[in-house]
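# Observations on chain architecture
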Amino acid sequence: MPPLIPATLLMLAPLAAQAQDTLNFYNWSDYIADGTLPGFEEAAGIEVNYDVFDSNEVVEARMLTGNTGYDLVVPSLEFMARQAQAGVFQPIDKSRISTYGNLDPEILRIVSGNDAGNTYGVPYMMYSIGPGYNVEMVSERLPDANTDSWSLVFDPANAEALADCGIALLDSPSEITAAALNYLELDPTSEDAGDLEQAMELLEGIRPHIRYFHSSQYINDLANGDICLAVGYSGDILQAKERAAEAGQGVDIRYVIPEEGAQLGFDMMVIPADAPNPGAAHAFIEYFLQPEVTAAISDAVFYANANKAATPLVSAEVRDDPGIYPPEATLSRMYSAEPHSARYDRALTRAWTTLKTGR
């Protein structure tokens, strides 16, 4: 049965007529609803070529080489800001997006700190980074542990106790290092060499107990009970929780925004400067910002969105989950990432490689 097309989507027709008939879309894995792309193709008459990635470092390397062949890409805000400075993206033509007014002005104000005038990016989804764990496995091994604290991950004694059931960390040096700095009560955006050394010492203390570093594998592994603890993206861990519940094997997954705080981030839709079909990219952004479309994606991927008109349409299960839409008290303890300098990035990459490989 073809997806239903809300009458409001008919406004896409004039834009679709101006756009070329293919959208080349590069997005995070497990980050869209099943009906989104078929619905867009039917509503706009534009075919979609859809590729996925699982880390900001991967997409940044692709963007900086040029000639990417993509029309729409979804990097995180701090990476987008640095890439925009390098001339990687073209400005968003808001006059071509009749649904742009659905975006929450407060969220636009926040992201404008890294994208002045909201020039290059349109918010896709919001996320946090924290631990997700198998309740039964962790409680068996650490019955007295404070599971609301980053110490569950960063205390070597806890990591050792959980090593047999499996710990995974995001393969994201900037995000894991920021979490370590925050746990050490240091500035999570610091580029100080001494602070980086302290963060790496903390991570080296748990390194013998880490099963793997990966930015998407942990979703199914948590759901299947193949690992018991992962530091990952909020929606990914909640997707694992949903998959575990659907499987009916008694695997109970919990996601935590730790009491010490965590990173609050935004993923942004951007159009590469060399996009072959920028009209198709604008058409998709207009489609995405329809409240029904945005809400369906939030419900599917368990991430908060920046579309104020979509919030009432998001299911209560998602809208009322404090791990997805953090309450004010939690938000006050959270931090946002900032673009790194090239000098610091080189030092971070070297340190991360040494951490992972031991050399």
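Scroll up a little and you will see the structure.
In this text, all values refer to a predicted model and were calculated from it rather than measured experimentally. (Residues numbered from 1 in each chain as written. Predicted model: local features only at pLDDT ≥ 70, side-chain atom pairs only at ≥ 80, totals over all residues. Heavy atoms only, no water.)

## Quick notes on the nonpolar core
Basically, it comes down to this: What we call a nonpolar core is a set of buried Ala, Val, Leu, Ile, Met, Phe, Trp, Tyr and Cys residues that are connected through their side-chain atoms within 4.5 Å. Type-normalised accessible area, obtained with a 1.4 Å probe on protein chains alone, sets the label of each residue: buried when under 20%, exposed when over 50%, and partly exposed for intermediate values. Domain borders in the structure are assigned automatically or taken from a domain database. Contacts were defined at the residue level, with two residues in contact if any of their heavy atoms lie within 4.5 Å.
Ranked by size, the top nonpolar core spans 120 residues in total, and within it Leu23, Tyr218 and Phe284 carry the most contacts. Both domain 1 (7–126 + 266–325) and domain 2 (128–263 + 336–357) contribute no fewer than three residues apiece to this core. Not counting residues within four places of it along the chain, the set of residues in contact with Tyr218 comprises Ala168, Leu170, Tyr212, Ile227, Ala230, Gly232, Tyr233, Asp236 and Ile237.

## Observations concerning the state of the cysteines
Counted only if it meets this: Any two cysteine sulfur atoms lying within 2.5 Å of each other are counted as a disulfide. Each helix is a run of H or I in the DSSP string that is no shorter than four residues. Each strand is a run of E no shorter than two, and both are numbered from the N terminus.
Scanning the entire structure with this criterion turns up one disulfide. Across the disulfide from Cys165 sits Cys228; the S-S distance is 2.0 Å. In this structure, the disulfide formed by Cys165 and Cys228 twists by about 60° around the S-S bond and is classed as right-handed. With Cys165 in the loop between helix 8 (156–162) and strand 6 (167–169) and Cys228 in the loop between helix 11 (218–224) and strand 8 (229–233), the pair connects residues that are 63 residues apart, well separated along the chain. Each of the two residues, Cys165 as well as Cys228, counts as buried.

## A few points about the packing of aromatic side chains
Quick reminder of the rule: Think of it this way: a Phe, Tyr or Trp ring, Trp meaning its six-membered ring, pairs with another when their centres are within 6.5 Å, and the plane angle makes it stacked under 30 degrees, edge-to-face over 60, tilted otherwise. We count a charge as sitting over a ring when the NZ of a lysine or the CZ of an arginine lies within 6 Å of the ring centre and within 35 degrees of the ring normal.
A full pass over the atoms with the stated rule returns 17 aromatic pairs. Ring centres 5.3 Å apart and planes at 25° place the aromatic pair Trp150 and Phe154 in the stacked group. Pair check on accessibility: Trp150 and Phe154 agree, each one buried. Arranged with centres 5.3 Å apart and planes meeting at 45°, the rings of Phe154 and Tyr183 form a pair that is tilted. Separated by 29 residues along the polypeptide, Phe154 in helix 7 (residues 151–154) and Tyr183 in helix 9 (residues 173–183) bring together distant segments of the chain. Its relative accessible area of 2% is what places Phe154 among the buried residues. The class of Tyr183 is partly exposed, set by a relative accessible area of 24%. Here the aromatic cluster, defined as three or more aromatic residues joined through ring pairs, consists of Phe25, Tyr31, Phe40, Tyr50, Tyr124, Phe284, Tyr287, Phe288 and Tyr303. One Lys or Arg, Arg62, reaches over the ring of Tyr26 and ends 5.7 Å from the middle of that ring.

## Observations regarding the pattern of salt bridges
Working definition: two side chains of opposite charge can pair if their charged atoms are close together. Keep this limit in mind: In the sections that follow, a salt bridge refers to a side-chain nitrogen of Lys or Arg positioned within 4 Å of a carboxyl oxygen of Asp or Glu.
Counting across every chain of the model gives 10 salt bridges. Between Arg82 and Asp345 there is a salt bridge, with its nearest N and O atoms 2.4 Å apart. On the criterion of sequence distance, the pair formed by Arg82 in helix 4 (residues 77–85) and Asp345 in helix 17 (residues 342–357) is long-range, its members being 263 residues apart. An identical accessibility class is assigned to Arg82 and Asp345; each is buried. Where salt bridges share partners, they join Glu60, Arg82 and Asp345 into one cluster.

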